[in-house]
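Below, each chain spelled out in residue letters.
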Amino acid sequence: MDSVSTPPVTQQSSLRKASQRFFKSISARIGLILTVLIIVLALLAPILRPYDPATARDFAARLQPPGAVHLLGTDGLGRDMLTLIWYGTRISLLVSVLSVGLGLITGTLMGLVAGYFRGWWETIIGWFTDILLAFPSILLAIAIASIDLNFPPLFTAVFNPDLLNVMIAVGIVQVPIFTRLTRSMVLSLREQGFVQTVRAFGAKPGRIIFLHILPSSLAPLVVQATLSIGTATLEAAGLGFLGLGAKPPTPELGTMLSDSFNNGYALSKSWTILFPGLMITLIVLAFNLLGDGLRDSLDPRSNR
Amino acid sequence: MLRYIAKRLLDLLPVILGITILVFLFLKLIPGNPAIVLLGPRATPDQIASLSKQLGLDQPLPLQYLAFISKLVRFDLGKSIISGIPIWQEIKTRFPATIELSVAAMLISMVLGIPAGIIAAVKKNGWVDNIAMSTSLLGVSMPVYWLGLLLIYLFAVNLHWLPPSGRLGINVDLQPITGFYILDSILTLNFRALGDVLAHLILPALTVGTIPLAILARITRSAMLEVLSQDYIRTARAKGLLERWVIMKHALKNALLPVVTIIGLQFGTLLSGAILTETIFSWPGIGSWIYNGILTRDYPVVQGGVVFVAIVFVLINLLVDISYAFLDPRIQYK
């Protein structure tokens, strides 16, 4: 029988092996560099801003094509597209990271409870998960986003209430994914020697779940969370495009697309849709590459 | 086998019940009293109160839910508040449009995705593999409605090769029989309409098919790689069989199982209406209809549409499960 917890030496060497595998893959490295670059740029937006996206409007320079003054052109209000996309990236990242956080925490807790306690917990959580998964994800997000939630002023002081709605909608859509993933891992872990040993020593369920089972399930959760940030970015932009996200003049990438589409210049002034869409693709691509790289390095069996 | 199917159907009942409860509650939480929407902004409080009573909105929630369910099982989904058209009738005219688009999209994704996956697996790490996998990663990373806009920009606005939106040109006549325009134009031997219908279908089908295409290519590749590493493939090769024969006959047949599953699941997703793509292309299907229902606070449309879509989605997933049990004799029907 193995000792109570995995010896730190093997853990460290397996982590080193994983990071060696990660850095050997070109696509994983590209993903990591892109992700870091996007995050740093998003964080720096208010410090390095060339123009203020909400107020710097120049009606005389509406819908200018890309040029020397405005590298990516201007939008229908005469705002600089580069600045808008820069801020939009910041907003998209904020929304997707926070919504995945919401989905990750809620879903993981539900999965831990369902997998560890089984019985009625598992039946009810399983039922709830099945129902959420019965809806196509964008439909579920639309349904949740169209509910008018009343947030306490503490929240609305920090976030735009429209964005809060989107975060919650996209977050709830992510919940069943994490619930299923966690539950399946708990089901196999709870029967393993090290868990049964600590249980035999009289450890309480909370201690077993959070100190022994959860740490052993972290790797797949991290991989899924990374990939989910990509999906969440797409879903949040989709909601913005449907008019359920941030309202103009908030520069959100999906809203920028719908702004151009609904005002009828998406097809004649193509730069107003080309660049925001490209940025969404770049963000999603970065997290997908990173997530794939993490999965291949943390779970070598899936490496093909 | 029959018992297995019956059991799976019984398992579905609580899920379908949950779907109806959830949809019902969502609509109660959406702001805006439907009586006010129906009467317009100049309605008096008396009018609103009497219409609310007429619609049953003054009843306690559980009773409203029971009324909703008892109508649902009789396929009575009510009428649209805005247009007055019965929901069930609207579903019957719109669902064929969504099915036609989904089938076309699935065909495109299968014809391109499965061969791409096979070649990528056989020539692992070769240039076909690298291009196919990079493209498919790009495909799942793009907002598809954005791709749709770019396709419209390129092929409709600039090159004038294809129409930008709709299902049929305004100057083309087509006698609707089944609601499937391709079928209708063939049945009536109306080849002018057939050409027009196909031209309208290409761009939205390409757009909707992008994600299934990307996923199919990846799944086919990994399933093929899994199978190609098995002993019986080595045996087949050792027997001196032609490599093409080994791949097509021995490997592909066994790799198809996960591929079929993905085809089914993706088809279920598509049938539930590509809301964003249908909106971009003004495609008169289920997705664009539900979206309009949400925008105009048309309760019965959203309620009926979403319940319908979710049930279709669940049933297709059930069919996939059952076909899986058929295809893989190792699965026990318990």
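Predicted model, so just to flag it, every value in this text is computed and none were measured.

Now for helix α2 (residues 26–48) of chain A. All names here are of chain A. The end-to-end C-alpha distance of α2, which contains 23 residues, comes to 31 Å, matching closely the 33 Å that a straight helix rising 1.5 Å per residue would cover. Taken as a whole, α2 carries its principal kink of about 30° at Ala42; the proline Pro46 stands between one and four residues after it. For α2, the full list of buried residues reads Ala28, Gly31, Leu34, Thr35, Ile38, Ala42 and Ala45.

The next thing to look at is the side chain of Thr226 of chain A. Locating Thr226 of chain A in the fold gives a position in helix α10 (residues 218–241). Not counting chain neighbours up to four residues away, the residues in contact with Thr226 of chain A comprise Phe287, Leu290, Gly291 and Leu294 of chain A.

Okay, the pattern of salt bridges next. Any two side chains of opposite charge can pair, so long as their charged atoms come close to each other. Residue and element names in this part refer to chain B. Using the criterion set out here, one finds 14 salt bridges over all chains in the structure. The salt bridge involving Glu90 is made with Arg94; its shortest N-O contact spans 2.9 Å. Remark: Arg94 and Glu90 occur in helix α5 (residues 87–122); sequence separation between them is four residues, near one turn of the helix. Of the two residues, Glu90 and Arg94, neither departs from the other in class, the shared state being buried. Residues Arg234 and Asp231 are paired through a salt bridge, measuring 3.5 Å at the closest nitrogen-oxygen approach. You can see Arg234 and its partner Asp231 sitting in helix α10 (residues 231–238), three residues apart, about one turn around the helix. Judged by relative accessible area, which is 59%, Arg234 ranks as exposed. Judged by relative accessible area, which is 52%, Asp231 ranks as exposed.

Here the focus is the domain arrangement of chain B. Interface size is commonly expressed as the accessible surface area that is lost when the partners come together. Residue and element names in this part refer to chain B. Under the domain assignment, chain B is made up of domain 1 (2–73) and domain 2 (96–327). With centres defined by C-alpha atoms, the gap from domain 1 to domain 2 works out at 33 Å. Domain 1 puts 18 residues into the contact, and the matching count from domain 2 is 15 residues. Buried area between domain 1 and domain 2, both sides added, is near 1600 Å², and the carbon and sulfur share of it is 80%.

Let us look at the side chain of Ser185 of chain B. Locating Ser185 of chain B in the fold gives a position in helix α8 (residues 181–187). Beyond its immediate chain neighbours, meaning those up to four positions away, Ser185 of chain B contacts Leu174, Asn190, Ala193 and Leu194 of chain B.

Moving on: the environment of Leu104 of chain A. All names here are of chain A. With respect to the secondary-structure elements, Leu104 resides in helix α3 (residues 81–117). When its relative accessible area of 25% is taken as the criterion, Leu104 is described as partly exposed. Considering only alpha carbons, one finds Leu104 and Ile177, 73 residues apart in sequence, at a separation of 8.7 Å. Every residue in contact with Leu104, bar those within four places of it in the chain, is listed here: Phe178, Leu221 and Ala225.

What follows covers the packing of aromatic side chains. Residues and elements named next belong to chain B. Scanning the model with the defined rule gives 11 aromatic pairs over all chains in all. Between the aromatic rings of Phe24 and Phe68, the centroid separation amounts to 6.0 Å while the plane-to-plane angle is 20°, which identifies the pairing as stacked. With Phe24 in helix α1 (residues 2–29) and Phe68 in helix α4 (residues 61–72), this pair connects stretches of sequence that are 44 residues apart. Exposure remark for Phe68: the relative accessible area of 12% places this residue in the buried category. Every member of this aromatic cluster is reached through a ring pair, and the members are Phe75, Trp88, Phe95 and Phe308.

So, how was this worked out
Residues numbered from 1 in each chain as written. Chains lettered and ligands numbered in written order. Predicted model: local features only at pLDDT ≥ 70, side-chain atom pairs only at ≥ 80, totals over all residues. Heavy atoms only, no water. Helix = DSSP H or I, 4+ residues; strand = E, 2+ residues; numbered from the N terminus. Expected span 1.5 Å × (residues − 1). Bend = angle between axes of the 7 residues up to and from the residue. Buried < 20%, exposed > 50% of the residue type's maximum accessible area, 1.4 Å probe, protein only. Contact = heavy atoms within 4.5 Å. Salt bridge = Lys/Arg side-chain N within 4 Å of Asp/Glu carboxyl O. Domains from an automatic or database assignment. Buried area = accessible area lost by both parts, 1.4 Å probe. Phe/Tyr/Trp six-rings, centres within 6.5 Å; stacked < 30°, edge-to-face > 60°.

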